[in-house]
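Chains, contacts and geometry: an overview
As a plain string of letters, each chain reads:
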Amino acid sequence: MINLIEDLKKVSRMNLDWEKMQNLDDDKGTEPYDIKSLSDFKNKWRFETDHEKVKYALMRWFRYWCAKTDENLFVECGATPNPDKTDPLWDFELNGIKFDLKSTRLPSGIERPTTYKDIGELIVLYYRRASERKHNWQNRLFLVHLNEEDRINFSKKKEIISLYTKLGKPYTTTIDGHTVTADVLFVE
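Note that this is a predicted model, so its numbers are computed, not measured.

**Quick notes on the overall build of the protein**
Tallying secondary structure elements over the protein gives seven helices and six strands in all. Seen in sequence order, the protein has helices and strands lined up from the N terminus as α-α-α-α-β-β-β-α-β-α-α-β-β. Here the protein has a C-alpha radius of gyration of 17 Å; the compact-globule value for 188 residues is 16 Å, and the two agree. In terms of overall dimensions, the protein has a C-alpha envelope of 50 × 35 × 30 Å along the principal axes. Relative to its full complement of 188 residues, the protein shows a buried share of 43%. Entry remark: accessible area of the protein is about 11100 Å², with carbon and sulfur atoms responsible for 51%. With 31 positive and 32 negative side-chain charges, the protein shows a separation of 1 Å between the mean positions of the two kinds.

**Remarks on the nonpolar core**
In terms of nonpolar packing, the biggest core is built from 32 residues, with Leu 8, Trp 61, Phe 74 and Leu 141 touching the most fellow members. Looking at this core, the elements that each hand over two or more residues are helix 1 (2–12), helix 3 (38–45), helix 4 (51–76), strand 2 (92–94), strand 3 (97–105), strand 4 (140–145), helix 7 (154–167) and strand 6 (178–187). Ranked by residue count, the leading element in this core is helix 4, at ten residues. Every residue in contact with Phe 74, bar those within four places of it in the chain, is listed here: Ala 79, Phe 92, Leu 94, Leu 101, Leu 141, Ile 161, Thr 165 and Leu 185.

**A closer look at the pairing of strand 5 (residues 171–175)**
Taken residue by residue, a regular strand's side chains alternate between the two faces of the sheet. Direction of pairing for strand 5 relative to strand 6: antiparallel, over a ladder of five bridges. Bridge pairing in strand 6 places Thr 173 opposite Val 180. Between strand 5 and strand 6, which pair antiparallel in sequence order, lie two residues; one of them, Asp 176, sits at a positive phi of approximately 50°.

**Some points on the packing of aromatic side chains**
According to the stated counting rule, one finds ten aromatic pairs in the structure shown. Between Phe 92 and Phe 99, the ring centres sit 6.5 Å apart and the planes meet at 45°, which makes this aromatic pair tilted. Exposure class is identical for Phe 92 and Phe 99. Each is buried. Ring centres 4.8 Å apart and planes at 20° place the aromatic pair Tyr 126 and Phe 142 in the stacked group. You can see Tyr 126 sitting in helix 5 (residues 116–134) and its partner Phe 142 sitting in strand 4, a full 16 residues away along the chain. With relative accessibility at 3%, the residue Phe 142 sits in the buried group. Through a chain of ring-to-ring contacts, three or more aromatic side chains come together here, namely Tyr 126, Tyr 127, Trp 137 and Phe 142.

**Some details on the pairing of strand 3**
Bridge analysis of strand 2 against strand 3 gives three bridges, and the strand direction is antiparallel. Residue pairing in the sheet places Phe 92 in a bridge with Phe 99 of strand 3. The antiparallel pairing of strand 2 with strand 3 creates a hairpin that spans two residues between the two strands, and Asn 95 there sits at a positive phi of about 55°. Note that strand 3 and strand 4 share six bridges and pair parallel. Bridging across to strand 4, Ser 103 finds its partner in Leu 143.

**What about the sheet that holds strand 5?**
One open sheet accounts for six strands, arranged 1-2-3-4-6-5; its pairing is mixed. In the strand order of this sheet, the two ends are held by strand 1 (80–81) and strand 5, each with one partner. Examined bridge by bridge, strand 1 and strand 2 share two bridges and lie antiparallel to one another. Each residue of the ladder has a partner; that of Pro 81, found in strand 2, is Phe 92. Its contacts with the sheet place helix 7 against strand 2, strand 4 and strand 6, and it is angled at close to 135° to strand 6.

**Some words on the packing of helix 4 against helix 7**
Interhelical geometry of helix 4 versus helix 7 gives an angle of 45° and a closest axis separation of 9 Å. It follows from the interaxial angle that helix 4 and helix 7 lie oblique. Considering the relative orientation of helix 4 and helix 7, their crossing is right-handed. In this structure, helix 4 contributes Cys 66, Thr 69, Asp 70, Leu 73, Phe 74 and Glu 76 to the contact, and helix 7 contributes Phe 154, Lys 157, Lys 158, Ile 161 and Thr 165.

Calculation notes
- Residues numbered from 1 in each chain as written.
- Predicted model: local features only at pLDDT ≥ 70, side-chain atom pairs only at ≥ 80, totals over all residues.
- Heavy atoms only, no water.
- Helix = DSSP H or I, 4+ residues; strand = E, 2+ residues; numbered from the N terminus.
- Rg over C-alpha atoms; globule rule 2.2 N^0.38 Å.
- Buried < 20%, exposed > 50% of the residue type's maximum accessible area, 1.4 Å probe, protein only.
- Areas by Shrake-Rupley, 256 points an atom, 1.4 Å probe, with all protein chains shown as cover.
- Lys, Arg positive; Asp, Glu negative; His and termini not counted.
- Charge placed at Lys NZ, Arg CZ, Asp CG, Glu CD.
- Core = buried A, V, L, I, M, F, W, Y, C linked by side-chain atoms within 4.5 Å.
- Contact = heavy atoms within 4.5 Å.
- Pairing = 2+ DSSP bridges.
- Phe/Tyr/Trp six-rings, centres within 6.5 Å; stacked < 30°, edge-to-face > 60°.
- Axes fitted to C-alpha atoms, helices over the stretch in contact; angles between N-to-C directions.
- Parallel < 35°, antiparallel > 145°, perpendicular 65-115°, else oblique.
- Left-handed = near helix turned anticlockwise from the far one by under 90°.

Keep in mind that these numbers describe shape and distance, not what the molecule does.
Here you go:
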């Protein structure tokens, strides 16, 4: 895990940008799941001449493994992992609730909410954006990075997650007729 974290930090220093939204067409052929190190990534992609495709694949690899590391932090702090690693509906169970973890950032033009009402509105926004495409309404925890440097600050995230696993109280709300339990944790 330590080597993976070092690799993720190296990629973050490259200052790569998606330059476009992640999408199913570009996702084809860029699966990051079995590539467990930066050297493995470089080896797999060494003959690809389409530099934009390589950059897209690298960003996808980076985001995927950052999210997996975030899930592991929840487990280290007391959550129970989903025994089925391929289950798309939940990543871990916390206080009897099964959650899907979404590592994300604030949408453009939205500042960090400070009130219960504003956080609730942010939760609705995140669900509507994700669920209108995938029709998934599972319980979610949103780990929101206020800047890209926070995405790789795993020690800061572990502090936030540890506190949340002890004291956090997620919201239960109804969105478009679907009852969900969710919360937002800000990494700053």
